[in-house]
Amino acid sequence: MTDQNNPGSFGSARGLSQKIKKDKKRKSSSTRWIGRQLNDPYVLETQKRGYKSRAAFKLLQIDEKYKFLIPGRSVVDLGCAPGGWLQIASQKVNSLVGREKVVGVDLLPTDDIAGCVSILGDITDANIGDELIKILGCKPDIVLSDMAANTTGHRQTDHIRTTYLLEVALDFAIENLNKNGVFLAKCFKGGTEIDSLSLMKKHFSRVNHIKPDASRKESVEGYVIATGFNIE
Ligand SMILES: C[S@@+](CC[C@H](N)C(=O)[O-])C[C@H]1O[C@@H](n2cnc3c(N)ncnc32)[C@H](O)[C@@H]1O
């Protein structure tokens, strides 16, 4: 059942426990993945609500705590495919204006989402940032980044690659955000994120780490939210 005040929380789907039969033709990692999917209440709820991704719940839960997705605010979503975060952002910020104030970019195609414009592109390319701002038609109040590099299985390499994306997203945010803007990004803890965190502390009045309930406990994934952007 959905709590109307806390749409990122729900109770009845919990406590699932479906056993997966072993299959000699399947790798044990695949069996574990299938088991996780079938027993994950968020996967079930994602399908029920028609969200494009399970990640939608992470943004809902972070917004429940920080309440920054406010009607009328403009949003850029970096690494937006398949579109779960775009759906949530659009539902929250577009409700007053009837104007599309949410744009996203991804290396992969993104599903069509009402109230959003998304483009194919690599945020590390020099011109993509300007293109996003041109489409949005104004500076963003909020920059989101759920970007993750493809994992190699080597923990330190994955950390460095995802931290690089955090740096690129932060540079984009610092160059483009409106005063008092908000930056929310995926941030793997592991050491190399320290420089980005220092830069955030210099440019924003508050910086907090958050691991929403929907982010798997065993994952190194976490998020950082920086609010109160100060234009120098
Ligand atoms: C975890 S998924 C995002 C899920 C999304 N927040 C949602 O709710 O559906 C991370 C995305 O980052 C994208 N990505 C990784 N590197 C990128 C880059 N350099 N430029 C744009 N997108 C990138 C990947 O293609 C992937 O789709």
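Just so it is clear, the structure is predicted and the values come from calculations on it, not from any experiment.

Undergrad: Residues and numbers for a negative patch on the surface, please.
TA: There is a patch of like negative charges on the surface, built from Asp130, Glu131, Glu167, Asp171, Glu175 and Asp195. Those elements that place two or more of their residues in the negative patch are α5 (128-136) and α6 (155-176). Among the elements that make up the negative patch, the one with the highest residue count is α6 (three residues). In this structure, glutamate 131 sits in helix α5. Taking relative accessible area as the criterion, glutamate 131 reaches 37% and is therefore assigned partly exposed.

Undergrad: Would you mind going over the sheet that holds strand β7 (residues 182-186) in detail, with residue names and values included?
TA: Ordered in space as β5-β4-β3-β6-β7-β9-β8, the seven strands form an open sheet in which the pairing is mixed. Edge positions in the sheet fall to β5 (116-120) and β8 (204-210), since each has one partner strand and no second. If you compare each strand with its neighbour and ignore which way they point, the axes differ by 15 degrees on average. In this structure, strand β3 (residues 75-78) lies alongside strand β6 (residues 142-145), joined through four bridges in parallel fashion. Looking at the pairing, valine 76 lines up with valine 143 of β6. Contacts between helix α4 (residues 84-93) and the sheet are confined to β3, β4 (102-106), β5, β6, β7 and β9 (223-229), with β4 contributing the most and set at about 170 degrees to the helix. Packed onto the sheet, helix α7 (residues 194-203) meets β7, β8 and β9 and runs at close to 140 degrees relative to β8.

Undergrad: Give me the lowdown on the site of the ligand, citing residues and values where you can.
TA: The local shell around the ligand holds 19 residues, among which Ser53, Trp85, Asp106, Asp122 and Asp146 are the closest. Between the ligand and aspartate 146 there is a distance of 2.8 Å, counted from a nitrogen atom to a side-chain nitrogen or oxygen. Within the complex, 86% of the 600 Å² of free accessible area of the ligand lies under protein. Taken together, the residues of the shell around the ligand sort by class into 11 nonpolar, five polar and three charged.

Definitions and cut-offs
Residues numbered from 1 in each chain as written. Predicted model: local features only at pLDDT ≥ 70, side-chain atom pairs only at ≥ 80, totals over all residues. Heavy atoms only, no water. Patch = residues over 30% accessible without salt bridge, like charges linked within 9 Å, V, L, I, M, F, W, Y side chains within 5 Å. Areas by Shrake-Rupley, 256 points an atom, 1.4 Å probe, with all protein chains shown as cover. Salt bridge = Lys/Arg side-chain N within 4 Å of Asp/Glu carboxyl O. Lys, Arg positive; Asp, Glu negative; His and termini not counted. Charge placed at Lys NZ, Arg CZ, Asp CG, Glu CD. Helix = DSSP H or I, 4+ residues; strand = E, 2+ residues; numbered from the N terminus. Buried < 20%, exposed > 50% of the residue type's maximum accessible area, 1.4 Å probe, protein only. Pairing = 2+ DSSP bridges. Axes fitted to C-alpha atoms, helices over the stretch in contact; angles between N-to-C directions. Contact = heavy atoms within 4.5 Å. Near = heavy atom within 4 Å. Polar contact = N/O pair within 3.5 Å; in protein donor to acceptor, adjacent residues only side chain to side chain. Nonpolar A, V, L, I, M, F, W, Y, C, P; charged D, E, K, R; others polar.

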